[in-house]
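# Geometric and topological summary
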Amino acid sequence: PVSSAAINVYPNPVDGNATVEYWNAEGGPVSFYVMDVTGKVSIEKQDLPVSQPGKMKIEFKTDDLVPGLYICLIRCGTSVANTKFIVQH
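To start, this report covers the structure provided alongside it. This is a predicted model, so every value here is computed, not measured. (Residues numbered from 1 in each chain as written. Predicted model: local features only at pLDDT ≥ 70, side-chain atom pairs only at ≥ 80, totals over all residues. Heavy atoms only, no water.)

So, about the pattern of salt bridges. Enumeration over the complete set of coordinates arrives at two salt bridges. For the salt bridge of Lys-55 with Glu-21, the shortest nitrogen-to-oxygen distance reads 3.6 Å. In this pair, Lys-55 is assigned in strand E5 (residues 54-61) and Glu-21 in strand E2 (residues 17-24), connecting sequence segments 34 residues apart. A relative accessible area of 17% means that Glu-21 is categorised as buried. With a shortest N-O distance of 3.8 Å, Lys-57 and Glu-21 are connected by a salt bridge. Here Glu-21 lies in strand E2 and Lys-57 lies in strand E5, a separation of 36 residues in the sequence. Residue classification places Lys-57 among the exposed residues on the basis of a relative accessible area of 54%. Through salt bridges with shared partners, a single ionic network connects Glu-21, Lys-55 and Lys-57. (Salt bridge = Lys/Arg side-chain N within 4 Å of Asp/Glu carboxyl O. Helix = DSSP H or I, 4+ residues; strand = E, 2+ residues; numbered from the N terminus. Buried < 20%, exposed > 50% of the residue type's maximum accessible area, 1.4 Å probe, protein only.)

Okay, structure coming up:
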């Protein structure tokens, strides 16, 4: 399963392009969300195909996000993990 210790957003703080790195033990489809501190989803990618278990990366742009604190959430099957990161422009 994915855990909070196994998810990382870098660089942090982010200005432009960011990468989230996580461990997918199940090897199944992944859903990815970026939310502000109120819980509003700003970026969403659902059912990303994953062919095998292991270390995965998702790249995303933060150009359209208002500077501030955000939460990155990864869902792999029944496992969910999240971490915080900062956007600054």
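Back to the write-up after that little detour.
Core analysis: the biggest nonpolar cluster contains 22 residues, and Val-20, Phe-32, Phe-60, Ile-74 and Phe-85 have the highest contact counts within it. For this core, the elements supplying multiple residues, two or more each, are strand E1 (7-10), E2, strand E3 (30-36), E5, strand E6 (68-76) and strand E7 (79-87). The element that contributes the greatest number of residues to this core is E6, accounting for four residues. (Core = buried A, V, L, I, M, F, W, Y, C linked by side-chain atoms within 4.5 Å.)

Honestly, it's all geometry; don't read function into it.
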